[in-house]
Amino acid sequence: MTETLDIKITKSSKSRLAETDFSNLVFGRTFTDHMLVADYEDGEWKNFEILPYGNILVSPAISSLHYGQSFFEGIKAYKHANGKVSIFRPDKNAVRFNKSAERLCMPTLPEDVFLQSLAAVVDIDRDWIPTAPGHSLYIRPFMFATDQFLGVTPSQTYKYMVLLCPVGPYFTKPLRVKIETYYTRSAEGGMGYAKSSGNYGGSMLPARKATEEGFDQLIWTDAKEHKYVEEMGAANAMFVLDGKLITPIAQDTILDGVTRDTVITLARDWGFPVEERKVAVAEIIEGAKTGKLTDAFGAGTAATIAPVGSINYNGEEYTLIDAKEREFSQKVLKTLDAIRYGNAPDTHGWNYFV
Ligand SMILES: *Cc1c(COP(=O)(O)O)cnc(C)c1O
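Here we summarise the structure given alongside this text. What you are looking at is a predicted structure, and each value in this text was computed from that prediction instead of being measured. (Residues numbered from 1 in each chain as written. Predicted model: local features only at pLDDT ≥ 70, side-chain atom pairs only at ≥ 80, totals over all residues. Heavy atoms only, no water.)

Remarks on helix H6 (residues 281–290)
- Taken residue by residue, H6 has Val-281, Ile-284, Ile-285, Gly-287 and Ala-288 as its buried positions. Within H6, the buried residues cover an arc of 160° as seen down the axis, which keeps them to one side. The outward face of H6, more than 90 degrees from its buried face, is lined by the exposed residues Ala-282 and Lys-289.
- Within two residues after H6, Gly-291 carries a phi angle of roughly 85°, on the positive side. (Buried < 20%, exposed > 50% of the residue type's maximum accessible area, 1.4 Å probe, protein only. Helix = DSSP H or I, 4+ residues; strand = E, 2+ residues; numbered from the N terminus. Arc of directions from axis to C-beta.)

See the structure below:
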């Protein structure tokens, strides 16, 4: 930790907390009372400010709108039974934030500044953190280019912001997923590893088509041959095949998920075999047919551990064993919840207290 970040704070005059219905939270629709904003100008970050959540004024010519110089992060904060508040592994997000920034020719943010900014805004809105099972405070840091200039060149000015949303479970039932064999999320040399807004823009049409066909999610495959599993919408794809946890290597085309890393770390703690390698669609389908595929789930901050109920490949549907009977993902979910809500020892130091 270096010096304390200087943040100007303007509190909202009237909290919206009392009128918020915490029993019907739609992911990403409810915002807390405050947000954080900072500006990048003349080669440095300045004007860190926490102020009431609300609209901001920007020029219609900002290059983030025209050329997509924009990216984000997703993190969760939890309230423990003893009232303590912790953010789950934000140091990993700080590193990834800067990887995204570099890929998009945007300025990095010192990791300790990132962490202090999250802690400051979460602290102010700590009463907004829901405590019901599966609930948390979703933290959305993001950065976007603000130059008023239509030339295609990296912006000289940027805004960094943090929004907060109380959230409940993202998915409520096992997912019906389709293995995508035409569209591509990212290719080698692209920006699949960055949490860039543009990756999401490009995924909307394929995702909508899949939804219209009755699927909940896609499993993306490699851009060259569509033979290897990449990842799911906003979650990494993980499988238990033949008694081993297998998942694609998080290189160029795949987002290096914090949840993915957490699951792998827990598996290794338990002595459960882990293989990070190329995962062929053929072996997953074969495993689904023979019953050797005993678990399949998406791992992500928003989705946490989202069980895959069935996999559709080239029009054939393969139904997997009942999600409640899956030993591995059930154990992961239980362990993760226990650590995040402060009910189990945090041996890896994953909880960052606010
Ligand atoms: C955010 C994200 C994930 C999950 O990463 P976490 O750090 O676990 O939240 C996976 N894939 C994509 C494409 C993502 O954007």
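Text resumes after the structure shown.
Concerning the side chain of Ser-310
- Mapped onto the fold, Ser-310 is located in strand S16 (residues 304–313).
- Among the polar contacts listed, one links the side chain of Ser-310 to the side chain of Glu-317, at a separation of 2.8 Å. (Polar contact = N/O pair within 3.5 Å; in protein donor to acceptor, adjacent residues only side chain to side chain.)

Points about a nonpolar patch on the surface
- Nonpolar side chains collect at one region of the surface, where Tyr-67, Leu-150 and Val-152 lie side by side and expose about 330 Å² of accessible area between them.
- When you line up the elements, Leu-150 lands in the loop between strand S7 (136–145) and strand S8 (158–167). (Patch = residues over 30% accessible without salt bridge, like charges linked within 9 Å, V, L, I, M, F, W, Y side chains within 5 Å. Areas by Shrake-Rupley, 256 points an atom, 1.4 Å probe, with all protein chains shown as cover. Salt bridge = Lys/Arg side-chain N within 4 Å of Asp/Glu carboxyl O.)

Some words on the nonpolar core
- In terms of nonpolar packing, the biggest core is built from 35 residues, with Trp-45, Phe-48, Phe-114, Val-122, Ile-139 and Tyr-160 touching the most fellow members.
- Among the elements of the structure, strand S2 (34–41), strand S3 (44–52), strand S5 (75–79), strand S6 (85–88), helix H2 (90–103), helix H3 (111–124), S7 and S8 are those that each provide at least two residues to this core.
- Tallying contributions element by element places H3 first for this core, with 6 residues.
- Non-local contacts of Phe-48, meaning those with residues more than four positions away in its chain, are made with Leu-5, Asp-6, Ile-7, Lys-8, Leu-36, Val-37, Ala-38, Leu-109, Val-113 and Tyr-160.
- Formed by 24 residues, the second largest nonpolar core is a distinct cluster that contains Met-232, Ala-237, Ala-306 and Val-308. (Core = buried A, V, L, I, M, F, W, Y, C linked by side-chain atoms within 4.5 Å. Contact = heavy atoms within 4.5 Å.)

As for the site of the ligand
- Taken together, 15 residues sit near the ligand, with Lys-195, Tyr-200, Glu-231, Thr-259 and Thr-301 positioned nearest.
- Thr-301 is positioned with one of its side-chain polar atoms (N or O) 2.6 Å from an oxygen atom of the ligand.
- Relative to its free-state accessible area of 380 Å², the ligand is covered by the protein chains to the extent of 98%.
- In this structure, the ligand is accommodated by the largest pocket.
- Across the shell around the ligand, the residue classes break down as 5 nonpolar, 6 polar and 4 charged. (Near = heavy atom within 4 Å. 1 Å grid on protein atoms, 1.4 Å probe; cavity = no way out; pocket = protein on both sides within 12 Å on 5 of 7 lines; lining within 4 Å. Sits in = over half its atoms within 2 Å of the grid points. Nonpolar A, V, L, I, M, F, W, Y, C, P; charged D, E, K, R; others polar.)

Overview of helix H4 (residues 197–212)
- Between the first and last C-alpha of H4 there are 23 Å, a value that for 16 residues agrees with the 22 Å anticipated at 1.5 Å per step.
- By the largest-angle criterion, Met-204 marks the main kink of H4, which is about 35°, and a proline, Pro-206, follows within four residues.
- When H4 is considered as a whole, its buried residues turn out to be Asn-199, Ser-203, Pro-206 and Ala-210.
- Structurally, H4 contributes buried residues whose contacts are with strand S9 (175–179) and strand S10 (217–221). (Expected span 1.5 Å × (residues − 1). Bend = angle between axes of the 7 residues up to and from the residue.)

A word on the layout of surface pockets
- The calculated volume of the largest pocket comes to roughly 950 Å³.
- Residue assignment for the lining of the largest pocket shows that the elements contributing at least two residues are strand S4 (70–72), S7, H4, S10, strand S11 (229–232), helix H5 (258–269) and strand S15 (293–300).
- For the lining of the largest pocket, the element with the highest residue contribution is H4, accounting for 7 residues.
- Grouping the amino acids of the lining of the largest pocket by side-chain chemistry returns 21 nonpolar, 12 polar and 7 charged.
- Both of domain 1 (8–168) and domain 2 (175–340) provide at least three residues apiece to the lining of the largest pocket.
- Volume-wise, the second largest pocket comes out at about 510 Å³.
- Pro-169, Phe-171, Thr-304, Ile-305 and Leu-333 are, among the 28 residues lining the second largest pocket, the residues nearest its centre.
- Only S5, S16 and helix H7 (327–340) provide two or more residues apiece to the lining of the second largest pocket.
- The biggest single contributor to the lining of the second largest pocket is H7, with 5 residues.
- Counted by class, the lining of the second largest pocket contains 14 nonpolar, 8 polar and 6 charged residues.
- For the lining of the second largest pocket, the domains that each give at least three residues are domain 1 (8–168) and domain 2 (175–340). (Points joined across faces, edges and corners; volume = space filled by probe spheres on them. Domains from an automatic or database assignment.)

Section: the pairing of S7
- Most of S7 is tucked away: 9 of the 10 residues are buried.
- Where S4 lies against S7, 3 bridges are found, and the strand directions are antiparallel. Of the residues in S7, the one forming a bridge with Phe-71 is Met-143.
- As paired strands, S5 and S7 are joined by 3 bridges and run antiparallel to one another. Bridge pairing in S7 links Lys-76 to Tyr-138.
- Pairing geometry for S7 and S8, over 10 bridges, is antiparallel. Residue pairing in the sheet places Phe-144 in a bridge with Lys-159 of S8. (Pairing = 2+ DSSP bridges.)

Describing the packing of H2 against H3
- Orientation of H2 relative to H3, taken along the N-to-C sense of each, is 125°, at an axis distance of 9 Å. Taken together, the axes of H2 and H3 lie oblique to each other. Viewed along their axes, H2 and H3 form a crossing whose handedness is right-handed. On H3, the residues touching Pro-90, Asp-91, Asn-93, Ala-94, Val-95, Phe-97 and Asn-98 of H2 are Glu-111, Phe-114, Leu-115 and Leu-118.
- Of the residues contributing to the contact of H2 with H3, the split by class is 7 nonpolar, 2 polar and 2 charged. (Axes fitted to C-alpha atoms, helices over the stretch in contact; angles between N-to-C directions. Parallel < 35°, antiparallel > 145°, perpendicular 65-115°, else oblique. Left-handed = near helix turned anticlockwise from the far one by under 90°.)

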